[in-house]
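Geometric and topological summary
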Amino acid sequence: MKKDFTFIVYAENSFGILNRMINAFNRRRIRIRTLMASEDEQNPHTGSAGFILYTTEDMMRKVKPQIEKFIEVDHAHYEEGTAAFYQYLQQLSVEK
Amino acid sequence: MQQKAALQMKTDRLDSELPITGAEALIRSLIAESVDTIFGYPGGAIMPVYDALYLYGQRLNHILTRHEQGAIHAAQGYARASGKVGVVFVTSGPGATNLVTGLADAMIDSTPVVCITGQVASHLLGTDAFQETDVMNITIPVTKWSVQITRAEDIPAAVAKAFYIARTGRPGPVLIDITKDAQFGKAPFHYEPCHGLRTYHPKPQLNMEAVRAAAELINQSARPYILAGQGVLLSGAVEALKALAEKADIPVANTLLGLSSFPADHPLYVGFLGMHGNYSTNRNTNECDLLIAVGMRFDDRVTGDVSKYARQAKIIHIELDEAEINKIIKADVAVHADAKEALEALLPLVKPNRHSEWIASFRRYQQEEFEKIVSKDWFPATGLIKMGEVVHQLSELTQGQAIIVTDVGQHQMVTSRYYAFKRPRTHITSGGLGTMGFALPAAMGAALGAPHEQVIAIIGDGGFQMTLQELGTISQYHIPVKILVLNNSFLGMVRQWQQLFHESRYSFTEMVNPDFVKLLEAYGIPAARVTERDHLRDALQEFLSAPAPRFLEVKVEKEDNVFPMVPAGAAVSDMILEV
Ligand SMILES: Cc1ncc(C[n+]2csc(CCOP(=O)(O)OP(=O)(O)O)c2C)c(N)n1
C-alpha cells in the first residue's frame, strides 16, 4: 500500500548529486511530494536533502540502498509519515 | 604497500613545479595510473588533449576507432579481458553523446572504464555553443560517477578519484568532462593516487554471523545449488568457488556474465542459466532446497516469473552491492561482501559432503536435452549448417581456451550454451543491455588487453553491420582478432520470437546483406566464406591457424531456433524443449 514517507539523505555537496537522487526516484516512478535541499551552514562541502515520497514500504526498502550507493552519499534514512520531514526542516532553520 | 610505494616513485618523476597545461596534466595522470592504451576520437573540444598526447606517443598507445561507440566498447573489451581500467577520449557534443550506449552497457555489466570528454570553454557552458551538450546530465543515469572540471589544477585529483571509483567495489564507468579552458590552463603538477573517499566504502566488512548462518544452511542441505555470476570473476574468487563446490559437492551453474568462472569440463559444472540456458540448470532451480547465489543479481532473464522462482528453496545471496540484495529475490541469508572473501570464510565452516543422487538428477535432464536438442544442433544430417555445430566445433578446435566475444542474438545464446569455457575471463559479451554492435569493437579491445590470447568475435549478420566500420581500425593497427559471422540473413533472435509468439509474422527482420567477403577484402582483411557442412571443419581450422586479423562467414540455416527456452514471463521450471 502506498503512503507518505520521509526520506532524508546526507551527502557531499557536489554538482549532480541531487539529480542522481531525483533520477533514482523518477526511474522507479516514485512520486516526490515535497523536496528540501540545503547546504550545511558549517561545512558547505556537505549538505542534505529531505523528501516526502508517496510510495510503498517495499519500494522505500529497495530504493534506499540504490541512493546510498551513489559515491557522494554518506547515508540515508526513511520513516513513515511526514512528521520527520518537518522536524528536519526545523533543524535546518535552527542551524541557520 | 610495496605497490603503493612504487606508484608513488613513478608519480614523483612525473611531478612538475613548473606549470604545465591541464591537457598535459591529464596525460601525465594517466601515465601515473599505468594506463598503456587509450581508445578515442578527436574533435574541437578535446584538441589540446590530443596535442599533449602527441608528445607522449611512446608511452601511451592511442587507437583511433571509427566511431565513439566503437571506442567505448573497445575499452570495455580491454577492461574485461585484462582486468584493468579501459580509457576513452572523445570530444564534446556528438562525440560525447555517441558514448551513451557504451556507458549504459558498462554500467549494467559492471565494467570499469574512465571516459574523458572534451567540453566547450567554461564561459560558454549553458549557452548552446557549437558542440556544447549537457553531457553531465545526459550521462548521470549511466555512470557510477561523473565530474566536470573547469580548472587545470583540478585535473590530477579528478583522474585519481575516477580510477579509484571505476575499479573498486562493483566496478563501473566514470566520466570526466573537461572544459577547453581547463585543458589550456596551466598549473604545477603533482599526482596523488586516491586510496579512499569519505562517503564511499567499496569493501564492506564481512559479517561472520551471516557467514556462519550460510554455512549452517549449506551443511544441512540435501540439494544445494550454486549460481555463479560475474562477481566471482571480478573479485578473483574462481579458486575459492571451486574449493567450496568440491568440498561440499555442490553443482555449479553460471549466469551469462558468470560464464568462464567455473571450468566447463569440471564434474560439478552443470551449465548455463536463464531463458536460453540449459534444461537441467533451470529445472533444478525449482527442485533444489538451497540456492547459493554468488556475485549475481537475479536478472529477469535468469529468474523468469519471480513469483514461481525457487519458492521451495532457502536462498543465500553473497553479493558486494547491497542494493542488489533483496531487490528481486528475498534472501534467507544475505552475505553482503566481496565474493572471494565470503567464500574463503565459508570454506572452513562447510563440512565435506556428497550429493550424488542430486547431481545425477542434473545428468538425467542433460541427457534429455542432449537427445532432443543438442545432438541435433551438433550433428545435423541434412539442411544448411547450424549455428550449434559451428560453435561446438570451434570449442573443440580451440579446446575451450580462446577468448570469445559475442554480440547479441541467437549466436550469443548458442555460444553460451555450446562453447566450453575453461579459463576465467575468456567470455565477453553485452549481457545486461544486450547491445548489438558490441562484439567487433569489444574484441579489438580484448585483443589489445590480452595480447597473448587468441580472441574470436562471434557475431550475427545484423549486429556485425552495426559497428563494422571498426574493420578500419582493425586493419590500420593490425589488431589480431578473428571474426566469425554466423549469417542467417535475418535478425535471428527477433525472427524466432516472431515465429513463436507472433504467428510467424516476420515484420521487418529479413536482411539483404552485402557480400561480406568482398567488403573485408576492401579493408585488406583476409576473408573466406563457407556454405556447406562438408567444408566447415576445414574452414574453421584454416580460420584458426591463419594469422589474425582474419574473417570467416558461415552461411547458416535461416530459420533455425534456439532451444530450450523459458518463454517470457514463464517459470524456469516451465522451460520448453521444443514446440
Ligand atoms: C542495438 C540493438 N538494437 C536492437 C536490438 C534487439 N535485438 C536483439 S537480438 C536482435 C537480432 C540480432 O540479429 P543478428 O545480429 O543477425 O544475430 P542472430 O540473432 O541472427 O544471431 C535484435 C534486433 C538489440 N539487442 N540491440
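The rules behind each value
- Residues numbered from 1 in each chain as written.
- Chains lettered and ligands numbered in written order.
- Predicted model: local features only at pLDDT ≥ 70, side-chain atom pairs only at ≥ 80, totals over all residues.
- Heavy atoms only, no water.
- UniProt positions renumbered as here; feature names shortened; annotations may be inferred.
- Helix = DSSP H or I, 4+ residues; strand = E, 2+ residues; numbered from the N terminus.
- Expected span 1.5 Å × (residues − 1).
- Buried < 20%, exposed > 50% of the residue type's maximum accessible area, 1.4 Å probe, protein only.
- Phe/Tyr/Trp six-rings, centres within 6.5 Å; stacked < 30°, edge-to-face > 60°.
- Lys NZ or Arg CZ within 6 Å of the ring centre and 35° of its normal.

Per an unreviewed UniProt entry, chain B goes by the name Acetolactate synthase and belongs to Thermoflavifilum thermophilum. Taken directly from UniProt, the Sequence similarities (unreviewed entry) text for chain B runs: "Belongs to the TPP enzyme family." Annotation of chain B in UniProt includes, under Catalytic activity (unreviewed entry), the sentence "2 pyruvate + H(+) = (2S)-2-acetolactate + CO2".

An unreviewed UniProt entry lists chain A under the name Acetolactate synthase-1/3 small subunit, from Thermoflavifilum thermophilum.

All names here are of chain B. Here helix α17 (residues 387-398) is 12 residues long and its end C-alpha atoms lie 17 Å apart, about the 16 Å a rise of 1.5 Å per residue gives. In terms of burial, α17 is largely enclosed, as 10 of its 12 residues are buried. The set of residues buried in α17 consists of M387, G388, E389, V390, V391, H392, Q393, L394, S395 and T398. Of the residues trailing α17, Q399 is marked for its positive phi of about 55°.

To continue, consider the packing of aromatic side chains. Each pair of aromatic rings is reported with the distance of its centres and the angle of its planes. Considering all chains together, one arrives at 24 aromatic pairs over all chains under this definition. Geometrically, the ring pair formed by F25 of chain A and F51 of chain A is edge-to-face, given 4.9 Å between the ring centres and 70° between the ring planes. Of the two residues, F25 of chain A sits in helix α1 (residues 17-27) while F51 of chain A sits in strand β3 (residues 46-55), which places them 26 residues apart along the sequence. Residues F25 of chain A and F51 of chain A agree in their burial class; the two are buried. Ring geometry for F262 of chain B versus Y269 of chain B: centroids 6.3 Å apart, planes at 25°, classification stacked. The buried category is assigned to F262 of chain B, whose relative accessible area is 1%. Pairwise contacts between aromatic rings join F370, W378, F379 and Y418 of chain B into one cluster. For the cation-ring pair, K482 of chain B lies above F543 of chain B, with the distance from its terminal atom to the ring centre recorded as 5.9 Å. The lysine or arginine in question, R495 of chain B, covers the ring of F490 of chain B, its NZ or CZ lying 5.7 Å from the ring centre.

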